[in-house]
Amino acid sequence: MTTAFASHPLILTLDMHGAPHRWVTWQHACFYYAKNLVAWAAGDNFFIFHGGINRSTGERSTITANSIIAIKGKTLGQKNFSAVPPLNNRELFHRDRHICAYCGGEFSFLRLTRDHIIPVSQGGRDSWMNVVTACRHCNQRKSGRTPEQAGMELLYAPYIPNKAEFLILSNRQILADQMDFLAQHVSAHSRLKAPA
Ligand SMILES: [Zn+2]
């Protein structure tokens, strides 16, 4: 399927073993194609990008890029590889389905906060395993206390999203084939797999 998109979607890159790596822009994907660094492709979508005019043939060069590409060898820098994805509110709220861990209400981004289960003031860490999504009201009520100290019960447990889940959480314009591919790599305890 060749599709024209108003704005170019991100391209999912994999390592040679097929493990999800990161999102790249179409320009970056074209660079991989131009340098012959694309080992194989796994997506259902193709995008045609037009380059410059070839002086000898007078024809415009094109690159056809797939929505999911595996990159050869060591070109994937290890610096981006990390077992624990970075903690951001957008991905945190998405992990928790925008549901407050204390009252169970569903809220928009602006009405949600990052709650430290063990407060930072009591030595709690700012990490995936110590944070949940809380509405402003519940966060204020809990204040600088643990759930036990505040007499509030956690409705769900925190967890660390794996790489594939983080890639899903961090791309709001994910394509269906990219979603299907990444879903296979999401761990079983993920809330993305839980029934809605
Ligand atoms: Zn709440």
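Residues numbered from 1 in each chain as written. Predicted model: local features only at pLDDT ≥ 70, side-chain atom pairs only at ≥ 80, totals over all residues.

A.B. asks: Go over the overall build of the protein chain with me, naming the residues and quoting the values.
C.D. replies: The number of helices and strands found in the protein chain is 6 helices and 8 strands. In the protein chain, the order of α-helices and β-strands from amino to carboxyl end is β-β-α-β-β-β-β-α-β-β-α-α-α-α. Split into buried and exposed, the 196 residues of the protein chain put 26% on the buried side. (Helix = DSSP H or I, 4+ residues; strand = E, 2+ residues; numbered from the N terminus. Buried ≥ 20, exposed ≤ 12 C-beta atoms within 10 Å, placed from the backbone.)

A.B. asks: Now, about the nonpolar core: what can you tell me, with residues and values included?
C.D. replies: Grouped burial of nonpolar side chains is what soluble globular proteins tend to show. Judged by nonpolar contacts, the single largest core of 22 residues is most densely connected at Ile11, Ile69, Ile168 and Leu182. Listing elements by their share of this core, those giving two or more residues are strand 1 (11-14), helix 1 (26-34), strand 6 (68-71), helix 5 (163-170) and helix 6 (176-183). With 5 residues, the single largest contributor to this core is helix 5. In this view, isoleucine 168 contacts Ile174, Met179, Leu182 and Leu192; residues no more than four positions away in its chain are not counted. Listed in part, the 12 residues of the second largest apolar core include Leu92, Ala101, Cys135 and Cys138. (Core = buried A, V, L, I, M, F, W, Y, C linked by C-beta atoms within 7 Å. Contact = placed C-beta atoms within 7 Å.)

A.B. asks: Residues and numbers for the environment of phenylalanine 109, please.
C.D. replies: Of note, phenylalanine 109 is situated in the loop between helix 2 (89-95) and strand 7 (112-116). Each C-alpha atom of the pair phenylalanine 109 and arginine 90 lies 7.7 Å from the other, and the pair is 19 residues apart in sequence.

A.B. asks: Explain helix 5 residue by residue, including any values.
C.D. replies: Taken across its 8 residues, helix 5 has 6 buried, putting it largely inside the fold. Against the buried residues of helix 5 lie strand 2 (20-24), helix 2 and helix 6.

A.B. asks: Provide a residue-level description of the pairing of strand 8 (residues 131-135), including the pertinent values.
C.D. replies: Counting buried residues along strand 8, 5 of its 5 residues qualify, which places the element largely inside the surrounding structure. Here strand 8 shows no split at all, with Val131, Thr133 and Cys135 on one side and Val132 and Ala134 on the other all buried. Relative to strand 8, strand 7 is paired through 5 bridges, and the arrangement is antiparallel. Its bridge partner lying in strand 8, aspartate 115 is registered against valine 132. (Pairing = 2+ DSSP bridges.)

A.B. asks: So what's going on with helix 6? Residues and values would help.
C.D. replies: Taken together, the buried positions of helix 6 are occupied by Gln178, Phe181 and Leu182. In a view along the axis of helix 6, the buried residues occupy a sector of 95 degrees, so they form one face of it. Among the structural elements, strand 1, strand 2, strand 6 and helix 5 are those in contact with the buried residues of helix 6. (Arc of directions from axis to C-beta.)

A.B. asks: Give me the lowdown on the sheet that holds strand 1, citing residues and values where you can.
C.D. replies: Pairing is mixed in the open sheet, where 4 strands are placed in the order 2-1-6-3. Bordering the open sheet on either side are strand 2 and strand 3 (38-41), each of which pairs with just one other strand. Looking at each pair of strands side by side, their axes are set apart by 30 degrees on average, direction ignored. Where strand 1 meets strand 2, 4 bridges bridge the pair, whose relative direction is antiparallel. Pairing of threonine 13 across the sheet is with arginine 22, part of strand 2. Each of strand 1, strand 2, strand 3 and strand 6 is contacted by helix 1, which is oriented at about 50 degrees to strand 6, the strand it contacts most. (Axes fitted to C-alpha atoms, helices over the stretch in contact; angles between N-to-C directions.)

A.B. asks: Give me the lowdown on the environment of glycine 18, citing residues and values where you can.
C.D. replies: With respect to the helices, strands and loops of the structure, glycine 18 is situated in the loop between strand 1 and strand 2. When the C-alpha positions of glycine 18 and phenylalanine 181 are compared, they lie 9.9 Å apart, and in sequence the two are 163 residues distant.

A.B. asks: Report on the environment of proline 147, specifying residues and quantitative values.
C.D. replies: The topology assignment puts proline 147 in helix 4 (residues 147-150). When near neighbours in sequence (up to four residues on either side) are disregarded, proline 147 contacts Ile117, Met152, Glu153 and Leu154.

Note that all results are geometric; they support no functional claim without further evidence.
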